[in-house]
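In case you want the letters, here they are:
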Amino acid sequence: ESGERQASIGALVGLSSALGTKVSALLGEDVDASPLTTYPPDIPRHRVNGLEIASCSGFHESHILEAMRVTIRADRTPSAPVRHIGEEWLYVQRGSIDLEYDGAVYQLAKDDAVHFDANRPHRLMTRDRSAELLLVSAKSPTKLAQIHH
């Protein structure tokens, strides 16, 4: 590709689902075959659509969840709202974010969490210098119901 456009998180999740792979594989990371994978705080971060993303999911047989550490900077040009199949859960670790969801803006502060249907238009912004969050995306709501603890 020319490198002029970069995919949104939603596009990465959708593409990985369609290809039967993980976001980490699309970002060029090795996928460990172990049934348990750990992720230290200093794992590589990738710049995608003005965001810094560290993929934190992907034991070999994992096909339901995608987990990412995401940093949003205030100088990021907001993308158009996105929508994709599945669900998202966000937890704000540092700073605050504005979640535009289905036309309304929700302000989330440190330690706030939100869970929503990702098929509705949504996008993330921050007014702080930067904000950091954990994002967990379930690729298919029907598969999410299969998780038992």
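Keep in mind that this is a model prediction, so the values were computed, not measured.

Q: Just checking my understanding: could you explain the sheet that holds strand β1 (residues 46–48) for this structure?
A: Within a sheet, each strand pairs with its neighbour through backbone hydrogen bonds, oriented either parallel or antiparallel. Ordered in space as β1-β2-β3-β9-β4-β7, the six strands form an open sheet in which the pairing is antiparallel. The sheet is open, and its two edges are formed by β1 and β7 (113–117), each paired on a single side. The average angle at which neighbouring strand axes cross in this sheet is 30 degrees, direction not considered. The pairing of strand β4 (residues 87–94) with strand β9 (residues 130–138) spans seven bridges and is classified as antiparallel. By the bridge assignment for β9, Tyr91 is matched with Leu134.

Q: Looking at this structure, how should I read the pairing of β4?
A: It is a general feature of regular strands that their side chains alternate between the two faces of the sheet. Where β4 meets β7, five bridges bridge the pair, whose relative direction is antiparallel. Residue pairing in the sheet places Trp89 in a bridge with His115 of β7.

Q: It is not clear to me how the sheet that holds strand β5 (residues 97–101) should be interpreted in this structure. Could you clarify?
A: Across the sheet, which stays open at both edges, the three strands sit in the order β6-β5-β8 with antiparallel pairing between neighbours. Taken across any chain shown, the strands that pair with only one partner, and hence form the sheet edges, are β6 (104–108) and β8 (122–125). Pairs of neighbouring strands in the sheet enclose a mean axial angle of 20 degrees, with direction left out of account.

Q: Sorry, what's going on with the pairing of strand β2 (residues 51–55) here?
A: Of all five residues making up β2, five are buried, and the element is well covered by its neighbours. Burial along β2 is two-sided: Leu51, Ile53 and Ser55 and Glu52 and Ala54, pointing in opposite directions, are all buried.

Q: For this particular structure, what's the right way to read the packing of aromatic side chains?
A: Any two aromatic rings considered together are summarised by their centre-to-centre distance and by the angle between their planes. Counted under the stated rule, the structure contains two aromatic pairs. With a centroid separation of 6.2 Å and 10 degrees between ring planes, the pair formed by Trp89 and Tyr91 is classed as stacked. Since its relative accessible area comes to 35%, Trp89 is described here as partly exposed. We classify Tyr91 as partly exposed; its relative accessible area is 23%.

Q: I'm lost on the nonpolar core in this one. Help?
A: Side chains of a nonpolar character, in soluble globular proteins, are inclined to be buried together. Grouped together as the largest cluster of nonpolar side chains are 18 residues, with contacts concentrated most on Val70, Ile72, Leu90, Ile97, Leu99, Leu124 and Leu133. Sorting the residues of this core by element identifies β2, β3 (65–73), β4, β5, β7 and β9 as the ones contributing at least two each. Ignoring sequence-local partners within four residues, the contact set of Ile72 consists of Leu51, Ile97, Leu124, Met125, Thr126, Arg129, Ser130, Ala131 and Leu133.

Q: Before we go on, may I ask you to explain the side chain of Ser130 in this structure?
A: Position of Ser130 among the secondary structure elements: in strand β9. You can call Ser130 buried: its relative accessible area is 10%. A distance of 2.8 Å separates a polar atom in the side chain of Ser130 from a polar atom in the side chain of Arg94. Aside from chain neighbours lying at most four places away, what touches Ser130 is Thr71, Ile72, Arg73, Arg94 and Gly95.

Conventions adopted
Residues numbered from 1 in each chain as written. Predicted model: local features only at pLDDT ≥ 70, side-chain atom pairs only at ≥ 80, totals over all residues. Heavy atoms only, no water. Pairing = 2+ DSSP bridges. Helix = DSSP H or I, 4+ residues; strand = E, 2+ residues; numbered from the N terminus. Axes fitted to C-alpha atoms, helices over the stretch in contact; angles between N-to-C directions. Buried < 20%, exposed > 50% of the residue type's maximum accessible area, 1.4 Å probe, protein only. Phe/Tyr/Trp six-rings, centres within 6.5 Å; stacked < 30°, edge-to-face > 60°. Core = buried A, V, L, I, M, F, W, Y, C linked by side-chain atoms within 4.5 Å. Contact = heavy atoms within 4.5 Å. Polar contact = N/O pair within 3.5 Å; in protein donor to acceptor, adjacent residues only side chain to side chain.

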